[in-house]
Amino acid sequence: MRRALAALAALALASCATPIEPGPVAELPGAVALGDATWLVPGGFEPGRSPDGNSVILRGSAGAVLVDTGRHASHSEAVSRALGALDLPLAAIVNTHWHLDHVSGNLPLKAVHPDVRVYGTSAVEGALTGFLASSAASSRKALAAGQIPAAAVPDVEGDLQTIGRGSELRPDIVIDTPHDIVFAGRALSLRIAHHAVTERDLWIYDVAARRAIVGDLVTLPVPFFDTACPESWLAALGEVARSGAQQIVPGHGPVMDRRGFARWRTAFGDFIACARGSRALESCSAGWVSGAAEWIGQDSARAKAMADHYGERIRSKKLDGFCKA
Ligand SMILES: [Zn+2]
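It should be emphasised that the depicted structure is a prediction, and the values quoted were computed from it without experimental measurement.

Considerations on the overall build of the protein chain
Moving on, step 1. Assigned secondary structure in the protein chain consists of 12 helices and 13 strands.
Moving on, step 2. A globule of 325 residues ought to have a C-alpha radius of gyration of about 20 Å, and the protein chain, at 19 Å, matches this closely.
Moving on, step 3. Dimensions of the protein chain, computed from the C-alpha atoms along their principal axes, are close to 55 × 45 × 40 Å.
Moving on, step 4. Within the protein chain, the fraction of its 325 residues that count as buried is 49%.
Moving on, step 5. When contacts within the protein chain are restricted to residue pairs at least 6 apart in sequence, long-range pairs at least 24 apart make up 66% of them.

What follows is the structure in structure tokens.
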């Protein structure tokens, strides 16, 4: 209840949106300028390591808005450097979903920006007692048994530390329904997808810039189906397509125009249909790698192996539990 009231107060306090004007700073260190006072801090995915999701910085007239905060210290430090060059208070962090490659950086960033408010869905509640708790238990077991490759140990230990501070991953302001909101003078439309990548995902439509910042509704080198319902995810992609967005910022991978997004969506739909069908799963993975070849490039062996894994999860109905209302 307290949080619901806080949400109302925050919405009431939101000031009027001002048009996006070119600011004094066009380039931010380590970030890709997308236009409209918006920058991408790209997430990485080194072989044998866990990924960082993309982060997006938007400048408002009175402060900055940050979408997603990555996993590793190197990523949140890159975000901090870019924010520092902007020289504006960090008004809000928006988390698209609770996966650790998108929210772990909340903790160091909140320590440096104690007044910032984090906006996200309440789906993290179920994750704290469900997926994150059980993945922590199996990680501890695997670490104790020496089953984690040496290069991956720091990532696993880092995730365990983050899960240990799980209550701090709860958003300050819960957004479980669509909201048009103004953060520090920047008007954004927060949209909700149900049972797509997680139980509830948040994506952002920037109406003035005709840009959709979609988190893991679009990922590369493969769709990350770990906690996903394939069919509801496909439906959510339809909502993104209908939003009018001319540019789509994925959770992992490079920015796409609407035609590129349409091709990615087709490859995604084909992969699900194949995995739900009776053809050899290998041909489903090969189809994905070929449909997404323009983005996967040299990474096709890893993409194929990951698609094999997720194709099996879909075919054996292991993901169907994530589709329940
Ligand atoms: Zn991710």
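There's plenty left to go through after this.
Quick notes on the coordination of the zinc ion
Moving on, step 1. Looking at the metal site, the zinc ion is ligated by Asp101 (OD), His102 (NE2), Asp216 (OD) and His252 (NE2), spaced 2.0 to 2.3 Å from it.
Moving on, step 2. Coordination at the zinc ion is irregular: its 4 donor atoms span angles of 83 to 152° at the metal.
Moving on, step 3. Mapping the donors of the zinc ion onto the primary sequence yields the spacing D-H-x113-D-x35-H.
Moving on, step 4. The buried category is assigned to aspartate 101, whose relative accessible area is 6%.

Notes on the environment of lysine 317
Moving on, step 1. With respect to the helices and strands, lysine 317 occurs in the segment after helix H12 (300-315).
Moving on, step 2. A residue is classified by how much of its surface remains accessible, and lysine 317, at 55% relative accessible area, is exposed.
Moving on, step 3. Along the sequence, lysine 317 and arginine 276 sit 41 residues apart, while their C-alpha atoms lie 8.7 Å from each other.

Observations concerning the confidence of the model for the protein chain
Moving on, step 1. Averaged over every residue, the pLDDT of the protein chain is 93; residues scoring 70 or more account for 92%.
Moving on, step 2. Between residues 1-15, whose pLDDT stays under 50, and residues either more than four places distant or in other chains, the model counts 15 contacts.

Concerning the packing of helix H9 (residues 258-276) against helix H10 (residues 281-291)
Moving on, step 1. Close contact between H9 and H10 brings their axes to 9 Å; oriented N to C, the two are set at 180°. Judged by the angle between their axes, H9 and H10 are roughly antiparallel. In contact with Trp264, Ala267, Phe268, Phe271, Cys274 and Ala275 of H9, H10 contributes Leu281, Ser283, Cys284, Ser285, Trp288 and Gly291.
Moving on, step 2. Residue classes in the contact of H9 with H10 are distributed as 9 nonpolar, 3 polar and no charged.

Overview of the sheet that holds strand S2 (residues 38-41)
Moving on, step 1. Here 7 strands make up an open sheet; going across it, the order is S1-S2-S3-S4-S5-S6-S7 and the pairing mixed. This sheet does not close on itself; its edge strands, each paired only once, are strand S1 (32-35) and strand S7 (173-174).
Moving on, step 2. As defined by bridge partners, strand S3 (residues 55-59) adjoins strand S4 (residues 64-67) across 4 bridges and the pair is classed as antiparallel. Looking across to S4, one finds that leucine 58 is bridged to valine 65.
Moving on, step 3. Along the sheet, helix H2 (residues 73-86) contacts S2, S3, S4 and strand S5 (90-94); its crossing angle with S3, the most-contacted strand, is approximately 15°.

Some words on the state of the cysteines
Moving on, step 1. Tallied over the full model, the rule gives 2 disulfides.
Moving on, step 2. Here cysteine 274 connects covalently by a disulfide to cysteine 284, the sulfurs 2.1 Å from one another. Across the disulfide from cysteine 274 to cysteine 284, rotation about the S-S bond amounts to roughly -80°, and the bridge is consequently left-handed. Of this pair, cysteine 274 sits in helix H9 while cysteine 284 sits in helix H10, and the two are 10 residues apart along the sequence. Each of the two residues, cysteine 274 as well as cysteine 284, counts as buried.
Moving on, step 3. When the cysteines of the protein chain that form disulfides are numbered from the N-terminus onward, they connect as 1-4, 2-3.

Here we look at the packing of aromatic side chains
Moving on, step 1. This structure, assessed with the given rule, holds 11 aromatic pairs.
Moving on, step 2. When the ring of phenylalanine 225 is compared with that of tryptophan 233, the centres are 5.1 Å apart and the planes differ by 55°; the resulting orientation is tilted.
Moving on, step 3. Exposure remark for phenylalanine 225: the relative accessible area of 0% places this residue in the buried category.
Moving on, step 4. Following the ring pairs from residue to residue traces out a cluster consisting of Phe225, Trp233, Trp264, Phe268, Phe271, Trp288 and Tyr310.
Moving on, step 5. Taking NZ or CZ as reference, arginine 302 lies 3.9 Å from the ring centre of phenylalanine 45, over its face.

Some details on the pairing of strand S6 (residues 117-120)
Moving on, step 1. Of the pairings in the sheet, the one linking S5 to S6 comprises 3 bridges and is parallel in character. Each residue of the ladder has a partner; that of isoleucine 93, found in S6, is valine 118.
Moving on, step 2. Across 2 bridges, S6 lies against S7 in parallel orientation. Looking at S7, one finds that glycine 120 is bridged to valine 174.

Focus on the nonpolar core
Moving on, step 1. Formed by 42 residues in total, the largest nonpolar core has its most connected members in Leu217, Phe225, Trp233, Trp264 and Trp288.
Moving on, step 2. For this core, the secondary-structure elements that each account for two or more residues are strand S10 (200-206), strand S11 (211-215), helix H8 (230-242), H9, H10, helix H11 (293-296) and H12.
Moving on, step 3. No other element matches the 8 residues that H9 contributes to this core.
Moving on, step 4. Excluding residues that lie within four positions of it along the chain, tryptophan 288 makes contacts with Leu220, Pro221, Val222, Pro223, Trp264, Ala267, Phe268, Phe271, Ile296 and Ala307.
Moving on, step 5. Judged by nonpolar contacts, the second largest core, of 20 residues, contains Val65, Ile173, Ile175 and Leu188.

The rules behind these values
- Residues numbered from 1 in each chain as written.
- Predicted model: local features only at pLDDT ≥ 70, side-chain atom pairs only at ≥ 80, totals over all residues.
- Heavy atoms only, no water.
- Helix = DSSP H or I, 4+ residues; strand = E, 2+ residues; numbered from the N terminus.
- Rg over C-alpha atoms; globule rule 2.2 N^0.38 Å.
- Buried < 20%, exposed > 50% of the residue type's maximum accessible area, 1.4 Å probe, protein only.
- Contact = heavy atoms within 4.5 Å.
- Donors = N, O, S within 2.8 Å, 3.2 Å for Na, K, Ca; no water.
- Tetrahedral: all angles 85-135°; square planar, octahedral: opposite > 155°, others 65-115°.
- pLDDT = per-residue confidence, 0-100.
- Axes fitted to C-alpha atoms, helices over the stretch in contact; angles between N-to-C directions.
- Parallel < 35°, antiparallel > 145°, perpendicular 65-115°, else oblique.
- Nonpolar A, V, L, I, M, F, W, Y, C, P; charged D, E, K, R; others polar.
- Pairing = 2+ DSSP bridges.
- Disulfide = S-S within 2.5 Å.
- Phe/Tyr/Trp six-rings, centres within 6.5 Å; stacked < 30°, edge-to-face > 60°.
- Lys NZ or Arg CZ within 6 Å of the ring centre and 35° of its normal.
- Core = buried A, V, L, I, M, F, W, Y, C linked by side-chain atoms within 4.5 Å.

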